[in-house]
Amino acid sequence: MAGIFTDENHSCEIDFTRAKWATDQLHDIFHAAKLSLLSDVDFVAETDDELLLIEYKNANLRGAVNPEAFKPMADKKLNSVARKYYDSQHFLQAIQRGKGKKKHYVYILECVKGDSVLRNSVRVNLAGRLPFKLQKDVAGMEKMIDSLEVLSVAEWNERYGRFPLRLLGDV
């Protein structure tokens, strides 16, 4: 059911009350099934024509220990963010969420030196790890992903204003 969700650090709140369906429970579902091997996106929202898979990372939180240590372009980090999409999308497909709808992956990224140039570099490198080429090369394959965006919080609110994201506390 759609609602208002908070990230695991309680640093932001996102309002999906206008979504057809939304969840922040993939982690709990995977954990309850003892599937620690699976990774999950933070939020999923379904509208009449699209499925949004959203990963949120904010290394600019007040009190964050060594925010400069977060390296969004590191292979390990990019692979982790890509894997969250794959594992989440496979589960959503199995429960028939987003069937016949466009699938959009949105990575909301806030970090030290996290400007539009860095976010674009992350997007380009992350796109190479997602199934864009595979679905283009394999005839008759159902699309696994339609788009990827790497956005700041402000860009998210501009682009997806119907689902406002609000920072909480001393962020």
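Residues numbered from 1 in each chain as written. Predicted model: local features only at pLDDT ≥ 70, side-chain atom pairs only at ≥ 80, totals over all residues. Heavy atoms only, no water.

Remark: a regular strand shows side chains that alternate across the two faces of the sheet. Among the nine residues of strand E6 (residues 102–110), eight are classified as buried, and the element is accordingly described as predominantly covered. Across nine bridges, the pairing between strand E5 (residues 50–58) and E6 is parallel. Bridge pairing in E6 places Glu55 opposite Tyr107. Between E5 and its parallel partner E6, the chain crosses via helix H2 (residues 75–94), and the hand of that crossover is right-handed. For E6 and strand E7 (residues 147–151), the ladder comprises five bridges, and the chain directions are parallel. Its bridge partner being in E7, His104 is matched across the sheet by Ser147. (Buried < 20%, exposed > 50% of the residue type's maximum accessible area, 1.4 Å probe, protein only. Helix = DSSP H or I, 4+ residues; strand = E, 2+ residues; numbered from the N terminus. Pairing = 2+ DSSP bridges. Right-handed = clockwise from strand over helix to strand, strands pointing away.)

Attention now goes to the packing of aromatic side chains. Counted according to the given criterion, the structure contains eight aromatic pairs. Chaining the aromatic ring pairs together yields one cluster made of Phe5, Phe16, Phe43 and Phe163. The ring of Phe70 carries Lys57 above its face, with NZ or CZ at 5.0 Å from the centroid. (Phe/Tyr/Trp six-rings, centres within 6.5 Å; stacked < 30°, edge-to-face > 60°. Lys NZ or Arg CZ within 6 Å of the ring centre and 35° of its normal.)

So, about the pairing of strand E4 (residues 43–46). Along E4, one buried face is formed by Phe43 and Ala45 and the opposite face, lined by Val44 and Glu46, is buried too. Relative to E4, strand E3 (residues 21–23) runs antiparallel, the two being bridged by three bridges. Directly across from Trp21, in E4, lies its bridge partner Glu46. Following E4, the chain reverses through three residues before pairing antiparallel with E5.

Ranked by internal contacts, the top residues of the largest apolar core, which has 24 residues, are Tyr105, Tyr107, Leu126 and Leu130. Contributing elements (two or more residues each) for this core: E5, H2, E6, helix H3 (116–127) and E7. Ranked by the residues each element gives to this core, the list is headed by H2, at five residues. Every residue in contact with Tyr105, bar those within four places of it in the chain, is listed here: Val41, Leu53, Glu55, Val81, Lys84, Tyr85, Leu126, Leu130, Ile145, Ser147, Leu148 and Glu149. Ranked by size, the runner-up nonpolar core spans 19 residues in total, among them Cys12, Ala22, Ala45 and Val106. (Core = buried A, V, L, I, M, F, W, Y, C linked by side-chain atoms within 4.5 Å. Contact = heavy atoms within 4.5 Å.)

With that out of the way, let us pick up the side chain of Asp87. Within the fold, Asp87 resides in helix H2. A relative accessible area of 14% means that Asp87 is categorised as buried. Beyond its immediate chain neighbours, meaning those up to four positions away, Asp87 contacts Phe30, Leu37, Leu38 and Ser39.

Turning next to H3. Two residues of an α-helix separated by three or four positions point the same way, owing to the 3.6 residues in each turn. When the terminal C-alpha atoms of H3 are compared, their 16 Å separation across 12 residues agrees well with the 16 Å that a helix rising 1.5 Å per residue should span. Those residues of H3 not exposed but buried are Leu118, Arg119, Val122 and Leu126. Projected down its long axis, H3 shows its buried positions confined to an angular sector of 100°, all on one face. Packed against the buried residues of H3 are H2, E6, E7 and helix H5 (153–159). (Expected span 1.5 Å × (residues − 1). Arc of directions from axis to C-beta.)

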